Amino acid sequence: MFKNKEEFKQAFLEKLHTLYGECLDEASDLDKYNALGSMIRDHIAKYWTQTNKQYRKKEVKQVYYFSMEFLLGRLLGANLINLSAKKMCEEALKELGIDLNLLENIEPDAGLGNGGLGRLAACFLDSLASLSLPGHGCGIRYKYGFFEQRIVDGYQVELPDNWLRDGNVWEIRKADNAVEVRFYGNVRVEEQDGRTVFIHENYEPIIAVPYDTPIIGYERNTVNTLRLWSAEPAIKDFDFSSFSRGDYVKAVEYRSAVESISQILYPDESHYKGRELRLKQQYFFVSAGLQCIVRRYKKYHGSLKCFHKKIAIHVNDTHPVLAIPELMRILIDEEGMGWDEAWDITVKTISYTNHTILTEALEKWPVDMFRNLLPRIYMIVHEINERFCRELWNKYPGDWDRIHKMAIIADGQVKMAHLAIVGSHSINGVSKIHTEILKNQEMKNFYEVYPHKFNNKTNGVTHRRWLLKANPALANLISETIGANWIKYPIDLISLEKYRNDTAFLDKLAQIKQRNKAQLAKYIKDKYNISVDLHSIFDVQVKRMHAYKRQLLNVLHIMDLYNRLRENPDLDIVPRTFIFGAKASPSYVQAKTTIKLINTLASMINNDKRIKDKIKVIFLENYRVTLAEMIFPAADLSEQISTAGKEASGTGNMKFMMNGAVTIGTMDGANIEICEVVGRDNIFIFGLTAEEVANYYHNGGYCSWDVYAKDSRVKTVVDQLVNGFFPVAGEEFRVLYDDLTHNNDPFFVLKDFASYADTQLEVDKTFRDKYKWQKMSLVNIAHSGKFSSDRTITEYATQIWNIKPEIITNP
Ligand SMILES: *Cc1c(COP(=O)(O)O)cnc(C)c1O
């Protein structure tokens, strides 16, 4: 980006001066960080313009990835890497006495997502730009990101994540591109020139203002756009007569009601308090995004008849599914198109990814709320439903039961997944098993009607952030060994396979792992004052806290191990450091209780001199992208232990694999495909299969009391939850005990316990054979190329979106 270090230093000092009127010794670290970010933005501006110019001139088809969440993490380091400017920047700053690392640590995470779904969207943006594909993100600019987690006395405490407090160098406010979004009011139907027209009146207008963030491709000129919308009051157009009478309070209330739309990211949980606000958020960004896309398209193409040939809209889960009726509204009400033509264009434009089969996560909105908030959109959804049910009636005459089950509106609710399936041309699951479950179980009825719409796109993660950036030592070793092509073509990592019996190479791998473990150990020592054994197995489970992910299974196994160690402190085990990281939804009692359980167990174990430091338990607070980047490279063992059939794909599993951790997991989600590529010898599989779990569900066959009664180890640890073993108020862990016993263990924790414990013994045994373990680690890295989001995005681009790479020329 700059020819040499001298030029870079010069530009940096000038930037500091123009921005802050400061010279170097006066500048704060924040100023230095902002100056650096601002320099990068200046540098890429011409590429950004060139990218948009070329997309427009060549009329290339573009995809817009609509998502309620983009879990970006930090951008400075990733941008420097993608611009191949990291090394130069590091050296130039060093000569000025500045540590780049320190500046990187100033940037707050852009934590605009809950977990996997939001991080997937961020990985996809990186891959789109790095593959020179014309694809952009569209979402909400939340003022507060996902909450910051503190652990106080073992409990999770949530603090607001005020990530914009010190500004955001990466975004540009585009006030000129603001659009109006309309809520409430009523629809007047009129005949005009023999046509029925729909007039939305008495609505409450809100202004949506976009903030654009550049998405820079790896060693490409491509700079795509992430457009995030912020809600502002529409002062001009709104009725302020009551305000002008001096009702200052009302005016302030109105402002804060409007701003609340882009105020907070909802934690994913089944019972939202402000449900209407969530629906408002969804329509807000979908309407703003679509209006803006349509406006630009019209400017260059006039009519919208061929919209779908140049524009693809992808909806990440059902949250942005209102894009379907909103596009219909624009085509019919604003463009005067007939229903059939509008419908044809809409279906051809929209595609949808399903992310979960957990029924509590399927979105439904009460009809009354929906109709009141979005009267015109409701009319359109109603009409879509009428036509769909008629179609079903023709196909299944008299089969009321089936039609009722499949309807978009039924039992006073609007079912967003049904709307998504009917109104899009592609529905994809996120791993092979997940897609099969969708087709054969959850959405069987829809698959029967639209078999051609269903397809699989196994998730992926960007190896540039999760390997190249997070684990520079490993990335360097790989490039020294097989060349650097893998950065653009991650499938090339497979060339590492031939070193599987090369002990010199395996030793180098082990050294890197050891150094990464030392780094994480230092973080743990500095932050929690706990020393961990660098030769212990770093056994890691980091992901959202949820019953189906079964952190509790991991905990019960640790309790059992602890019991055995207390009985026999000389028990022959490889020392282990059990590491957890997880946020729980603020209202999810079981999840929060599990966090307290982990922390309680941790302080008992870490302070118990009898067991001679053979095991330690660490709960890393505030799990997020930046922390994840430190954890994955240091992991030996990756815990992917969800109840089979429940984890749609998982992406954490892929990040671990890329960094040479070996998986212990169930045959669930993408674990199955990881197993497929590395082979059974290079992964530890245990537990029930999805089919077995499903059979139990259907036959009511599993009785957790039986396991409890028969397996004395299980009985002991389950009893310890409530019998005073833990130094907590008596009933603290009762909810967990009840779930496992009286509620018949809905996630098969006890059922899988023995198999899990046996497999952990196998892990222990294998780890003792140094080269065997390192070979497994190597095979995992070598086969991780398949799980790069470059592969995933190439499949979306060719099979769903029909978009092609557009090489951006030098501006
Ligand atoms: C990858 C990632 C996730 C998803 O992890 P899973 O194990 O797939 O659930 C969640 N949070 C963060 C911060 C991540 O980086």
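The protein goes by Alpha-1,4 glucan phosphorylase in an unreviewed UniProt entry, where it is assigned to Thermincola potens. According to UniProt, the comment filed for the protein under the heading Cofactor (unreviewed entry) is "pyridoxal 5'-phosphate".

1. Notes on a nonpolar patch on the surface
Together, Y248, V249 and V252 make up an exposed nonpolar region whose accessible area comes to about 320 Å². On the secondary structure map, Y248 appears in helix α8 (residues 248–259). The exposure class assigned to Y248 is exposed, which follows from its relative accessible area of 61%.

2. A look at the pairing of strand β6 (residues 155–161)
As paired elements, strand β5 (residues 145–152) and β6 share six bridges and run antiparallel to each other. Across the sheet, residue G145 finds its bridge partner in β6, namely D161. If you look at the hairpin formed by β5 and β6, you'll find two residues sitting between the two strands, and D153 has a positive phi there, around 55°.

3. Describing the sheet that holds strand β16 (residues 409–410)
What holds strands together in a sheet is hydrogen bonding between their backbones, with the strands either parallel or antiparallel. In space, the three strands of this open sheet follow the order β15-β17-β16, with antiparallel pairing throughout. Bordering the open sheet on either side are β15 (364–366) and β16, each of which pairs with just one other strand. Here β15 pairs with strand β17 (residues 413–415) via three bridges, running antiparallel. What sits directly across from P366, in β17, is Q413.

4. With respect to the site of the ligand
Near the ligand, the surroundings consist of 13 residues, among which K543, K549, T651, G652 and K655 are the closest. Between the ligand and K655 there is a distance of 2.6 Å, counted from an oxygen atom to a side-chain nitrogen or oxygen. Against a free-state accessible area of 390 Å², the protein chains account for coverage of 95% of the ligand. Across the shell around the ligand, the residue classes break down as four nonpolar, five polar and four charged.

5. Let's talk about the UniProt feature "modified residue: N6-(pyridoxal phosphate)lysine" (unreviewed entry) in the protein
The positions that UniProt labels "modified residue: N6-(pyridoxal phosphate)lysine" (unreviewed entry) are, in the present scheme, K655. Relative to the elements of secondary structure, K655 occurs in helix α25 (residues 652–658). Those residues in contact with K655 that lie beyond four places of it in its chain are R119, V461, W466 and F632.

6. Topic: the environment of Q192
Mapped onto the elements, Q192 comes out in strand β9 (residues 186–192). A C-alpha to C-alpha distance of 11 Å links Q192 and G336, two positions 144 residues apart in sequence.

7. A word on helix α31 (residues 749–768)
In an α-helix, one full turn covers 3.6 residues, which means residues spaced three or four apart are oriented alike. Over its 20 residues, α31 runs 28 Å from end to end, which matches the ideal 28 Å to within 8%, given 1.5 Å per residue. Taken as a whole, α31 carries its principal kink of about 30° at S755. The set of residues buried in α31 consists of V749, L750, D752, F753, Y756, A757, T759, Q760, V763, D764, T766 and F767.

8. Description of unusual backbone geometry
You will see that S84, though not glycine, has its phi angle at about 50°, which is positive. Here S84 is to be found in the loop between α3 (76–82) and α4 (86–95). One non-glycine residue, N202, lies in the positive phi region at around 55°. Note on placement: N202 falls in the loop between β10 (195–201) and β11 (204–216).

9. Observations regarding the pattern of salt bridges
Under the definition given, this model contains 59 salt bridges. Residue D344 pairs with K348 through a salt bridge whose shortest N-O separation is 3.1 Å. Linking D344 with K348, this pair stays in helix α12 (residues 339–349), spanning four residues, or about one helical turn. A relative accessible area of 41% places K348 in the partly exposed class. Here E795 ties to R791 by a salt bridge, and the two come within 3.3 Å at their closest N and O atoms. A residue pair is termed a helical-turn pair when its members lie 3 or 4 positions apart in one helix, as E795 and R791 do in helix α33 (residues 789–801) at four residues.

10. Description of the packing of helix α9 (residues 275–301) against helix α11 (residues 323–334)
Contact pair α9 / α11: the axes reach a minimum separation of 10 Å and the direction vectors enclose 40°. It follows that α9 is oblique to α11 by the angle criterion. Considering how the two elements wind past one another, α9 and α11 form a crossing that is right-handed. Contacts from Y283, V286, S287, L290, Q291 and V294 of α9 reach α11 at A323, E326, L327, R329 and I330. Among the residues making up the contact of α9 with α11, the classes are represented as seven nonpolar, two polar and two charged.

11. Describing the packing of helix α1 (residues 5–20) against helix α2 (residues 29–57)
One way to put it is that α1 packs onto α2 with a least axis distance of 9 Å and a crossing angle of 110°. Considering the angle they form, α1 stands roughly perpendicular to α2. Considering how the two elements wind past one another, α1 and α2 form a crossing that is right-handed. Here F8, A11, F12, K15, L16, L19 and Y20 of α1 lie close against α2, whose contacting residues are D31, K32, N34, A35, L36, S38, M39 and D42. In terms of residue class, the contact of α1 with α2 is made up of nine nonpolar, two polar and four charged.

12. Here we look at the side chain of D764
With respect to the helices and strands, D764 occurs in helix α31. A distance of 2.8 Å separates the side chain of D764 from the backbone nitrogen of V574, its partner in a polar contact. Apart from residues lying up to four places away in sequence, D764 is in contact with I573, V574 and R576.

13. Observations regarding helix α23 (residues 589–606)
The end-to-end C-alpha distance of α23, which contains 18 residues, comes to 26 Å, matching closely the 26 Å that a straight helix rising 1.5 Å per residue would cover. Counting buried positions over the 18 residues of α23 gives 14, a clear majority of the element.

14. Thoughts on the packing of aromatic side chains
A complete count under the given rule lists 27 aromatic pairs for this structure. A ring pair is formed by F686 and Y756, whose centres lie 5.0 Å apart and whose planes are at 50°; its orientation type is tilted. Taken as a pair, F686 in the loop between β25 (684–685) and α27 (690–699) and Y756 in helix α31 lie far apart in primary sequence, 70 residues in all. Judged on exposure class, the residue F686 and its partner Y756 are both buried. An aromatic cluster is present here, built from Y65, F124, Y796 and W801 joined pairwise through their rings. Geometry around F538 places K517 over its ring, the cationic atom sitting 4.8 Å from the centre.

The rules we used
Residues numbered from 1 in each chain as written. Predicted model: local features only at pLDDT ≥ 70, side-chain atom pairs only at ≥ 80, totals over all residues. Heavy atoms only, no water. UniProt positions renumbered as here; feature names shortened; annotations may be inferred. Patch = residues over 30% accessible without salt bridge, like charges linked within 9 Å, V, L, I, M, F, W, Y side chains within 5 Å. Areas by Shrake-Rupley, 256 points an atom, 1.4 Å probe, with all protein chains shown as cover. Salt bridge = Lys/Arg side-chain N within 4 Å of Asp/Glu carboxyl O. Helix = DSSP H or I, 4+ residues; strand = E, 2+ residues; numbered from the N terminus. Buried < 20%, exposed > 50% of the residue type's maximum accessible area, 1.4 Å probe, protein only. Pairing = 2+ DSSP bridges. Near = heavy atom within 4 Å. Polar contact = N/O pair within 3.5 Å; in protein donor to acceptor, adjacent residues only side chain to side chain. Nonpolar A, V, L, I, M, F, W, Y, C, P; charged D, E, K, R; others polar. Contact = heavy atoms within 4.5 Å. Expected span 1.5 Å × (residues − 1). Bend = angle between axes of the 7 residues up to and from the residue. Axes fitted to C-alpha atoms, helices over the stretch in contact; angles between N-to-C directions. Parallel < 35°, antiparallel > 145°, perpendicular 65-115°, else oblique. Left-handed = near helix turned anticlockwise from the far one by under 90°. Phe/Tyr/Trp six-rings, centres within 6.5 Å; stacked < 30°, edge-to-face > 60°. Lys NZ or Arg CZ within 6 Å of the ring centre and 35° of its normal.

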